[in-house]
Structure formats: C-alpha cells, structure tokens
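Fold and geometry: a report
If you want the building blocks of each chain, they are given just below.
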Amino acid sequence: MSPDLVLVRTGVANVASVIAAFRRLGVEPRLSDDPVEIRRADAVVLPGVGAFAAGMARLQDAGLVAPLRARVERGEPTLAVCLGVQLLGLESEEAPGVSGLGVAPARTRRLVDAPRLPHFGWNQVEPDLTCRTVCPGEAYFAHSYRLDDDASLAAEGWSVARTREGEDFVAAIERGAVLGCQFHPELSGAYGAALMERWLERAALACAGGVV
Amino acid sequence: MVRLRVIPCLDVKDGRVVKGVRFQGLRDAGDPVERAAAYEASGADELCLLDVSATREGRASAVETVRAVRAVIGIPLTVGGGVRRLEDAARLLDAGADKVAVNTAALERPALLAEIKERLGAQCTVLSLDAARRGDAGQPGSTLRWEVVVAGGTRRTGTDAIEWARRAVDLGAGEILATSWDRDGTGEGYDVELLRALSEAVPVPLIASGGARTALHMETALDAGASAVLAASIFHDGLTTVDLIKRELARSGRDVRPSPTPTPSTLG
C-alpha cells in the first residue's frame, strides 16, 4: 500500500515537478500546511522555497516548526529538498539572525569558489559509506547557497553525501528515514527517481514499525 | 565540477513543435510530449520549451503543453514565450516549469525580472536574449555590436545586447539564454563572439543558442564560456541525437554527463 504522503504547502515553492515525479512512482502526494496532518502523515516532503527568511517565516506562520522538528528528531519519514535541507540547519548567511529548524547541526553559506552562480546543472553525488538511501551518481542542482560539511553532522548521526563545484559541500544528508537533498531528486532523471523510490521504501518500512 | 549541459529546445506553436529559420517559415516538427520523452531518454540534461507564437498574438504561454510535458519528464524544464507578468511566470511554474524565460516584456519593463526573482528565486529567472549583429558594427563611431530583437524576432530595438544582459543579471536573472538571431536555424554555428562577450560580461551561467549543427559548433561555444548548448533543428530533423552529440563532446574532452541508458539510434 502506498504511504500517506504530504507535501508541505509553502505558498511559493515550485511543487509541480515534485508532484509529477511522485506520480510517476505511483504515489499521489497531498498538499497541506496543517500542523496536525504534517505531524501525523506517514511521509512528508519539505520542498525548496525561494529564500531562507521567507521559508522560515512561512513555516512559523503556519505553525509547522514544531511538527517538522519532531519528525526529524524521531527519524520519521521526511524528505527535504534544496532550500528544504538548508532549513533543517542552524542558520543561513542568506538571512543573518534568522534561525533554521536546527535539527541538523550545520550552517548554510553562499558558494564562494564556484566559477559561476547559481550552481546550475548535473554534478557528482558521493555518499560516505554510512549512507543507506543515497547512492553514488549524478544529480541536478540549482542553488547559490549550500550547507557546510560540518563534523557535527556525523557526531549527531547524520550520514553525508558530498559534491564539488570550486569547493566541497553537502549534496545530501540522511538519518533514519529522514533525507535532505541539496539537489533536486525530482529533476534528476532516473537517478532521482530511484532515490525517491528508495526513500519511499524506507518510509513504508518505518510506518510498518520496522527499524530504519 | 558541474557538467556542461546539452539542451534540446522545443519551439511550440498551437500544441505542436515547429522550427523555422531566423524565427520565420515555421514547419511542423512533431508532438512535444513524444519529443520531450525521447530527448530525456537520449541524455538531454534539461529541456527548453518556447511558445513561439505567444508574444505576437499577445496571449499567455502554452500552459497545457507544459503540464503534459512535465508529466512525462524527470529533468528540468525552462519555459518561455509570452511571459508578461509575474502571474504568467507563477502559472508556468504551477504547470510544471522549473525556470521561466522572459524576453520582450522584461525589455519593456525591466522590473519584471526583479519581481520574478523576488517571488520565485533567481534560480527560476532566465533572461531570454535574442541578439542580432549590427550592420554598422566595427564602423567608426559605433561601439554597439549586437542589438536586442524582440517580439519573436520581428522588432529590432537598438538596445545593446551586452549591456542589457549585465543589467538583467543585476535585476535578478540567474541564467541567460542567448540566441543569435543571425544564426538561428541556419546550421552555420553559434555566434561565438557574442557568447564570449556575454560570458565575460556576466557571472551567471550562459546557454548558447542559434545555429548549431555539429558537436564542433558546441565545443566552440563551450570554449567561449557557455555553460550549456541548446539546439533544436538538428535533434528534430534526426540529423543527430543528444546521445551522439554528448559522446562526441566527451571524446573531445568536454565534461558532459553520460547518457542514462543506451538509446535507440533514431528518435521516436
């Protein structure tokens, strides 16, 4: 049975591509910004939303900070995409003074050594050996800010996949059934579809009470 | 390192793919959904869909075509043509576009770029720049080498293309799709001088467009600083495939993403 999948309605994010990608996998996501639904859903997707400050303001206004924190802290199936993974972190250079969800101990900074910004296009994803959902391959990125590859991530149980464009940075983090991708799995062709499918399998296992 | 991109372009009119020369003499080139799926399977890194009739006929872009293409492809989709207001851009994103290309309306009202960037992000905001060489280029007293053309190539503006690109990036454009009006549909190769001038002028990724026939044309565009090469006719007409072009680029040392799967030698 396919899981009850809720896509966080952020108001400004481009969710059509995410919805289309899940539909191709046979899952119909529901859009919601209801805190109770987002706390209880089998699986939740936090899509990328324009800017860091606007994204956090939107989550706060909708009362979604606590439910999203609780999901991630308990390892409940959650997929954060692009800006979504930055929102899991502590804060961002893009919006000084604005706190993120703070569930992943890393900061977001502007890419400074990339020859051109935004970092648009396909780049290598190199997962460390502890990653169980993210595989090596190539994924599509579209961003100018990125999460620091901070040693505290591993200390708090996160597995990290990296990429490089002028400098090394976080391509994805995962812990239990929580997956955060700086790249866009929904735009990463067969690689992205396979990754989303593995995450859905992990989500189904978690919902069945299995160890993830 | 981020890979160099190969981007097939679907010029769409009334729900069909069309292609002409210098934006004129359009002929039918197939169904956009079938084409899009075939190009993704052949290794396209992104797709571009331009509603070529939209501006002149003063209507919003082909939303239904965008929806149908998005349903079948899992790679990024840039859509342009007839985007006049922020609402047009938002509607295209809702239908499944990932980036929106703005041309005529941005030149008439540059603040449109800032509005789209503010609301939807620089990663969604593409300046579509159609540039034509000036006949008086190089003449004494003339510093303007390319001028912007708008309204589907039907109107020359006298605006310096390089200056306009700079300003558009300052306003919020995150990428520039630079089409040479002189080369479009001719197969004579990209306007490499235009690409070099733009590449030096702006820090954002540049997509080369207009005139490609061979992998060598693409190599020269990439060497001139383009991050991506766009082509239409050569893929529509079956002169080559995305896969074959990428193999040639890889053989000559350009850093492209290998095709996802072996592909049929002809397009569906």
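Now for a quick tour of the structure.

Cut-offs applied
- Residues numbered from 1 in each chain as written.
- Chains lettered and ligands numbered in written order.
- Predicted model: local features only at pLDDT ≥ 70, side-chain atom pairs only at ≥ 80, totals over all residues.
- Heavy atoms only, no water.
- Pairing = 2+ DSSP bridges.
- Helix = DSSP H or I, 4+ residues; strand = E, 2+ residues; numbered from the N terminus.
- Axes fitted to C-alpha atoms, helices over the stretch in contact; angles between N-to-C directions.
- Contact = heavy atoms within 4.5 Å.
- Salt bridge = Lys/Arg side-chain N within 4 Å of Asp/Glu carboxyl O.
- Buried < 20%, exposed > 50% of the residue type's maximum accessible area, 1.4 Å probe, protein only.

Turning our attention to the sheet that holds strand β11 (residues 178-181) of chain A. Residues and elements named next belong to chain A. Strand order in the open sheet formed by nine strands is β2-β1-β3-β4-β11-β10-β9-β6-β7, with mixed pairing between adjacent strands. Each end of this open sheet is capped by a strand with a single partner; those strands are β2 (30-32) and β7 (137-143). Averaged over all pairs of adjacent strands, the angle between their axes in this sheet comes to 25°, without regard to strand direction. The pairing of strand β1 (residues 5-8) with strand β3 (residues 43-46) spans three bridges and is parallel. Bridging from a neighbouring strand, L7 pairs with V45 of β3. Strand contacts of helix α1 (residues 16-24): β1, β3 and β4 (78-81), with the helix running at about 170° to β1, the strand carrying the most contacts. On top of the sheet, helix α4 (residues 65-73) reaches β3, β4, β10 (168-175) and β11; it is set at about 120° to β3, its chief contact.

Another point: the pattern of salt bridges. Evaluation of the coordinates by the stated rule reveals 40 salt bridges over all chains. A salt bridge links R109(A) to D148(A), with the shortest nitrogen-to-oxygen separation between them at 2.8 Å. Of this pair, R109(A) sits in strand β5 (residues 108-110) while D148(A) sits in the loop between β8 (145-147) and α6 (151-155); the two residues are 39 residues apart in sequence, bridging distant segments of the chain. We classify R109(A) as partly exposed; its relative accessible area is 35%. For E46(B), the salt bridge is made with K99(B), and the minimal N-O distance between the two is 3.0 Å. Placement of the pair is E46(B) in the loop between α1 (32-41) and β4 (47-51) and K99(B) in strand β6 (residues 99-102), with a sequence separation of 53 residues. Of the residues examined, E46(B) reaches a relative accessible area of 1% and is grouped as buried. K99(B) gets classed as buried once you look at its relative accessible area, which sits at 2%. Through salt bridges with shared partners, one network takes in R109(A), R146(A), D148(A) and E167(A).

Residue and element names in this part refer to chain B. With respect to burial, strand β8 (residues 146-150) is a largely interior element, five of its five residues being buried. Along β8, one buried face is formed by W146, V148 and V150 and the opposite face, lined by E147 and V149, is buried too. What sits between β8 and strand β9 (residues 155-160) in their antiparallel hairpin is a turn of four residues, with A151 showing a positive phi close to 55°.

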